[in-house]
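Spelled out from the first residue to the last, the chains are:
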2 protein chains.
Amino acid sequence: MIIVETIDQARQAVAQARSDGKTIGLVPTMGALHEGHLVLIHRCLDECDFTVVSIFVNPTQFGPNEDLKSYPSPFETDCYRCREIGVDLIFAPPVRQMYPQENLSWVKVDKITDHLCGTSRPTHFRGVCTVVTKLFNIIHPQIAYFGQKDAQQLRVIRRMVADLNMPVEIRDCPTVRESDGLAMSSRNANLNPAQRRQALCLSQSLNLAGELVNAGTVDCAIIIEAMKAVIEKQPDARIDYISIVDNELLQPIDQIDRAAIVALAVHIGSVRLIDNIMVDPAAKNI
Amino acid sequence: MIIVETIDQARQAVAQARSDGKTIGLVPTMGALHEGHLVLIHRCLDECDFTVVSIFVNPTQFGPNEDLKSYPSPFETDCYRCREIGVDLIFAPPVRQMYPQENLSWVKVDKITDHLCGTSRPTHFRGVCTVVTKLFNIIHPQIAYFGQKDAQQLRVIRRMVADLNMPVEIRDCPTVRESDGLAMSSRNANLNPAQRRQALCLSQSLNLAGELVNAGTVDCAIIIEAMKAVIEKQPDARIDYISIVDNELLQPIDQIDRAAIVALAVHIGSVRLIDNIMVDPAAKNI
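Here the structure is a predicted model, which is why all the values come from computation and not from measurement.

**Quick word on the overall build of chain A**
Then comes step 1: Each helix and strand counted, chain A has 10 helices and 10 strands in total.
Then comes step 2: For 286 residues, the compact-globule estimate of 2.2 N^0.38 gives 19 Å, and chain A sits close to it at 19 Å.
Then comes step 3: The principal-axis extent of the C-alpha atoms belonging to chain A is close to 55 × 40 × 35 Å.
Then comes step 4: For chain A, buried positions account for 43% of its 286 residues.
Then comes step 5: In chain A, 71% of the contacts between residues at least 6 apart in sequence involve partners at least 24 apart.

This is the structure:
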């Protein structure tokens, strides 16, 4: 496994692999790799000849009062895990490599970013799209992998790739959960034991939503109220949003009359967690 | 010469050339090719093994009250001229190829777009950057060519390429002028004979600015006033802007104490024309 910090080194390593006729796959991450990331990396290893994992805590996707500084970065452990499973290249640039001067150029996706995390994190997806565009332009993967845990990010990236004719295929993997249901997230490391227990309210409220839809409830307001009650039982939980949106443009819907996403963001203490499930009244959910 | 209308055909033709080891050059145009375009194309032919000219009147770079509908498109003549000089591929997609659905994803460059044409055409550069990004992602040129006539566009594109790590080199060619000084522009075709004569005021006022700088004038307000007087002599001329800006971020300056751009946009009747010159107090200008 090669570990490189500069864009030139990354380009060189990938160019070599490409000239050997290899399929290049990219798993963009902010490090602090968990089982969710590993599922993406394993899928990349299965489907591509040359697997690149980028590790970059991208400052432009954090707002001014967000957790950029406390974001975990266990770089040695991340490298160890990647080496163990056969990753070919880790691209771990310092901030100055990616942003050598004031960044003036942004990739922005309208509409899909209007709700959910786009409301409380107004510059977040602009930062995500911009850094992902940069990574695509540096690595030129044929395939790139994103998790369904970040449901809005996945759809934003898919639309960006389609609208801008980016020559890359986007594949996704389902959310990986702890045995008790908590969605894997690098931010879970910042929960203390009491918060960790309370954090279960996210997946529990989503399970309840799935059950209600399976039982025939279609009114989104009713479902959201029931979810809210589950979360408000936890003393350290503060709801950012609970929303039910259509599966394409992520616009809020009143009735679940088609495939939809139930999504939420909840602060547990100072840690903001997100989770979501897909529901489809035409199918049994969960 | 191959003429293709679809993205797939363009990608296929270019992939073939690339796999033959050829250097790919792109000259993005909106058609109505004039000598200015031909200088760009000739330079591309000289420096690259496979020259692609895109011809696409991009609707997203026109504002609602602009001249999208009257923009000239003599497609047969354009093809004839390209074939004659040895262009390898014309990519001339219909609007539906480039924008098959509502475009939600935009590439935007801040600051450099704040003044000059950015003021009166607030969505123009967003449209330019977005379509150029699309063309780069479709054609993957190693080199792309832009004219200095569109001085702001050139600098915006250069910054976009740098900020987003686009793997393409931007080269530029100087403005080509008619024998009387009028900068070549596809829009000149929409001038009637009386307007054509009056349109000379753009280059004349720029020449005057160059002479003033050469004579030691550094105060931008004085230079701009003198230019204004030249233009206001023409009955059908209406000034959009006359500005003097620094050569990198295109911010207005008060004193010409370094390399700068003198730029203007003037409506002659219903035709909006732009022109510019570089001035440098450390060198003799024009």
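**Notes on the relation of the copies chain A and chain B**
Then comes step 1: When chain A is fitted to chain B, the best match, at an RMSD of 0.0 Å, comes from turning it 180° and sliding it 0.0 Å along the axis. The two molecules are tied by a two-fold rotation axis, judged by turn and shift. Minimal C-alpha separation from the rotation axis in chain A is found for V107 of chain A, amounting to 2.3 Å.
Then comes step 2: A high fraction, 100%, of the interface residues of chain A reappear at the interface in chain B, so the copies pair face to face through one surface.

**Topic: the pairing of strand β7 (residues 169-173) of chain A**
Then comes step 1: In this sheet, β7 of chain A lies alongside strand β6 (residues 143-147) of chain A in parallel orientation, the contact comprising five bridges. The residue bridging I143 of chain A from the neighbouring strand is E169 of chain A, located in β7 of chain A.

**Some thoughts on the packing of helix α6 (residues 124-139) of chain B against helix α7 (residues 151-163) of chain B**
All names here are of chain B.
Then comes step 1: In contact at an axis separation of 11 Å, α6 and α7 are set at 50° when each is read in the N-to-C sense. Overall, the two elements α6 and α7 adopt an arrangement that is oblique. The handedness of the crossing between α6 and α7 comes out as right-handed. Contacts between α6 and α7 pair F125, V128, C129 and V132 from the former with Q153, V156, I157 and M160 from the latter.
Then comes step 2: Per-class residue counts for the contact of α6 with α7 are seven nonpolar, one polar and no charged.

**A few points about unusual backbone geometry**
Then comes step 1: Even without glycine at this site, H140 of chain A takes up a positive phi of about 50°.
Then comes step 2: For H140 of chain A, the position within the fold is in the loop between α6 (124-139) and β6.
Then comes step 3: Despite not being glycine, L250 of chain B has its phi angle at roughly 55°, a positive value.
Then comes step 4: With respect to the helices and strands, the residue L250 of chain B is situated in the loop between β8 (237-246) and β9 (260-268).
Then comes step 5: For L250 of chain B, a count of 25 C-beta atoms within 10 Å gives the class buried.

**Focus: the pairing of strand β3 (residues 50-55) of chain A**
Residue and element names in this part refer to chain A.
Then comes step 1: The buried fraction of β3 amounts to six of the six residues, a majority that puts the element mostly inside the structure.
Then comes step 2: Across the two faces of β3 the burial is the same, with F50, V52 and S54 and T51, V53 and I55 all buried.
Then comes step 3: Sheet topology note: the strand β2 (residues 24-29)/β3 ladder contains six bridges and is parallel. Counted as the bridge partner of I24 is F50 from β3.
Then comes step 4: In this region the chain leaves β2, passes through helix α2 (residues 35-47) and returns to the parallel neighbour β3; the handedness of that crossover is right-handed.

**Structural notes on the interface of chain A and chain B**
Then comes step 1: If you look at the interface, chain A gives 22 residues, while chain B gives 22 residues.
Then comes step 2: Sorting the residues of the side of chain A that touches chain B by element identifies β5 (105-109), α6 and α7 (151-163) of chain A as the ones contributing at least two each.
Then comes step 3: No other element matches β5 of chain A, which puts five residues into the side of chain A that touches chain B.
Then comes step 4: Split by residue class, the side of chain A that touches chain B holds 11 nonpolar, five polar and six charged.
Then comes step 5: The pairing of β5 of chain A with strand β5 (residues 105-109) of chain B spans five bridges and is classified as antiparallel. Bridge assignment links K108 of chain A to a residue of β5 of chain B, and that residue is W106 of chain B.

**Thoughts on the environment of R196 of chain B**
All names here are of chain B.
Then comes step 1: As for its placement among the helices and strands, R196 is situated in helix α8 (residues 193-198).
Then comes step 2: When the 17 C-beta atoms within 10 Å are taken as the criterion, R196 is described as partly exposed.
Then comes step 3: Placed 174 residues apart in sequence, R196 and K22 show a C-alpha to C-alpha distance of 42 Å.

**Details of the domain arrangement of chain A**
Residues and elements named next belong to chain A.
Then comes step 1: Here chain A is partitioned into domain 1 (2-173) and domain 2 (186-278).
Then comes step 2: A straight line from the C-alpha centre of domain 1 to that of domain 2 covers 26 Å.
Then comes step 3: Counting from both sides, the interface comprises 15 residues of domain 1 and, opposite them, 16 residues of domain 2.
Then comes step 4: For the side of domain 1 that touches domain 2, the elements supplying multiple residues, two or more each, are α5 (117-120) and α7.
Then comes step 5: The residue makeup of the side of domain 1 that touches domain 2, split by class, is seven nonpolar, six polar and two charged.

**Focus: the sheet that holds strand β8 (residues 237-246) of chain A**
Residue and element names in this part refer to chain A.
Then comes step 1: Taking strand neighbours across the sheet as the criterion, the three strands line up as β8-β9-β10 in an open arrangement whose pairing is antiparallel. Strands at the two margins of the open sheet, each flanked by one partner only, are β8 and β10 (271-279). Each strand axis lies, on average, 15° off the axis of its neighbour in the sheet, ignoring direction.
Then comes step 2: Across nine bridges, the pairing between strand β9 (residues 260-268) and β10 is antiparallel.

Each value, and the rule that gives it
Residues numbered from 1 in each chain as written. Chains lettered and ligands numbered in written order. Predicted model: local features only at pLDDT ≥ 70, side-chain atom pairs only at ≥ 80, totals over all residues. Helix = DSSP H or I, 4+ residues; strand = E, 2+ residues; numbered from the N terminus. Rg over C-alpha atoms; globule rule 2.2 N^0.38 Å. Buried ≥ 20, exposed ≤ 12 C-beta atoms within 10 Å, placed from the backbone. Contact = placed C-beta atoms within 7 Å. Least-squares fit on C-alpha atoms with pLDDT ≥ 70 in both. Pairing = 2+ DSSP bridges. Axes fitted to C-alpha atoms, helices over the stretch in contact; angles between N-to-C directions. Parallel < 35°, antiparallel > 145°, perpendicular 65-115°, else oblique. Left-handed = near helix turned anticlockwise from the far one by under 90°. Nonpolar A, V, L, I, M, F, W, Y, C, P; charged D, E, K, R; others polar. Right-handed = clockwise from strand over helix to strand, strands pointing away. Domains from an automatic or database assignment.

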